[in-house]
Amino acid sequence: MLAINATKARNEWSSLVESVLRERPAFIKKTRDYLFLSDISVLESMLIGYTFNAEALIEDDGSVTLSLNEIELIENAEDIPTAKSKLAGAILEYANDYYNEFNYWSRGNKKSHIPYIFKALFLNDVSKIGDIIKCRHGKT
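**Things to note about the nonpolar core**
F52, L68, I71, L73, L87, I91 and I129 are the most contacted members of the largest nonpolar core, which has 25 residues in total. With residues near it in sequence (within four places) discarded, I91 still touches F52, L68, L73, A120, I129 and I133. Among the nonpolar cores identified, the runner-up in size contains six residues, and A9, L16, V20 and I28 belong to it.

**Points about the sheet that holds strand β3 (residues 33–37)**
Strand order in this open sheet of three strands is β1-β2-β3, and the pairing throughout is mixed. Each edge of the open sheet is held by one strand with a lone partner, namely β1 (3–5) and β3. Between one strand axis and the next, the sheet turns by 35 degrees as a mean value, whatever way the strands run. Bridge count between strand β2 (residues 26–30) and β3: five bridges; the pairing is antiparallel.

**Concerning the pattern of salt bridges**
Counting across every chain of the model gives four salt bridges. In this structure, the salt-bridge partner of E18 is R22, at a minimum N-O distance of 3.0 Å. One end of the pair is E18 and the other is R22, both in helix α2 (residues 13–22) and four residues apart, which spans about a single turn. Residue K110 is joined to E72 by a salt bridge in which the shortest nitrogen-to-oxygen separation is 3.2 Å. Separated by 38 residues along the polypeptide, K110 in the loop between α5 (102–105) and α6 (114–123) and E72 in the loop between β5 (64–68) and β6 (74–77) bring together distant segments of the chain.

**Describing the layout of surface pockets**
Taken as a whole, the largest pocket encloses approximately 250 Å³ of empty space. For the largest pocket, the full set of lining residues is L2, I4, K8, A9, E12, S15, L16, S19, R24, P25, A26 and F27. For the lining of the largest pocket, the secondary-structure elements that each account for two or more residues are α1 (6–11), α2 and β2. The element that contributes the greatest number of residues to the lining of the largest pocket is α2, accounting for three residues.

**Focus: the sheet that holds β5**
Within a beta sheet, neighbouring strands are joined by backbone hydrogen bonds and run either parallel or antiparallel to one another. Across the sheet, four strands lie side by side as β6-β5-β4-β7; this open sheet has mixed pairing. If you trace the sheet from one side to the other, it starts and ends with β6 and β7 (133–137), each paired once. Strand-to-strand twist in this sheet, taken as the mean axis angle between neighbours without regard to direction, amounts to 30 degrees. Looking at chain direction, strand β4 (residues 52–58) and β5 are connected through five bridges and run antiparallel. In the strand pairing of β5, A56 is matched with L66. Along the sheet, helix α4 (residues 80–100) contacts β4, β5, β6 and β7; its crossing angle with β6, the most-contacted strand, is approximately 145 degrees.

Thresholds, definitions, all that
- Residues numbered from 1 in each chain as written.
- Predicted model: local features only at pLDDT ≥ 70, side-chain atom pairs only at ≥ 80, totals over all residues.
- Heavy atoms only, no water.
- Core = buried A, V, L, I, M, F, W, Y, C linked by side-chain atoms within 4.5 Å.
- Buried < 20%, exposed > 50% of the residue type's maximum accessible area, 1.4 Å probe, protein only.
- Contact = heavy atoms within 4.5 Å.
- Pairing = 2+ DSSP bridges.
- Helix = DSSP H or I, 4+ residues; strand = E, 2+ residues; numbered from the N terminus.
- Axes fitted to C-alpha atoms, helices over the stretch in contact; angles between N-to-C directions.
- Salt bridge = Lys/Arg side-chain N within 4 Å of Asp/Glu carboxyl O.
- 1 Å grid on protein atoms, 1.4 Å probe; cavity = no way out; pocket = protein on both sides within 12 Å on 5 of 7 lines; lining within 4 Å.
- Points joined across faces, edges and corners; volume = space filled by probe spheres on them.

This is a description of form; function is not addressed.
Written out as structure tokens, the structure reads:
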């Protein structure tokens, strides 16, 4: 890997940041650990393929329950658009909670949530998150 030593990165921080912003991301090595430093547009590109997929179930009372496949979230509302909006709000709330307690949540079986967490945090807008929720009809 083309990693820059952490001491060199610290000593040349301004030029390193300028290089990352204008040229390319950088890998930094500190002892046995590696860091990835990049412009936010690189993260946006890395996450472009991530969407949220939900199963829509029509309940006996006519309401709609959306069950998110990627993260264990479920919302119910009178119709699909309202349920998507509620689910998008739940996704953003979960993403903020996850990020605030990242050391705890990013371990074990919740580690697979990381790209979805960053996608939601990057969008940071309930309507934008709602726009990328894809619904398919499940069993009633």
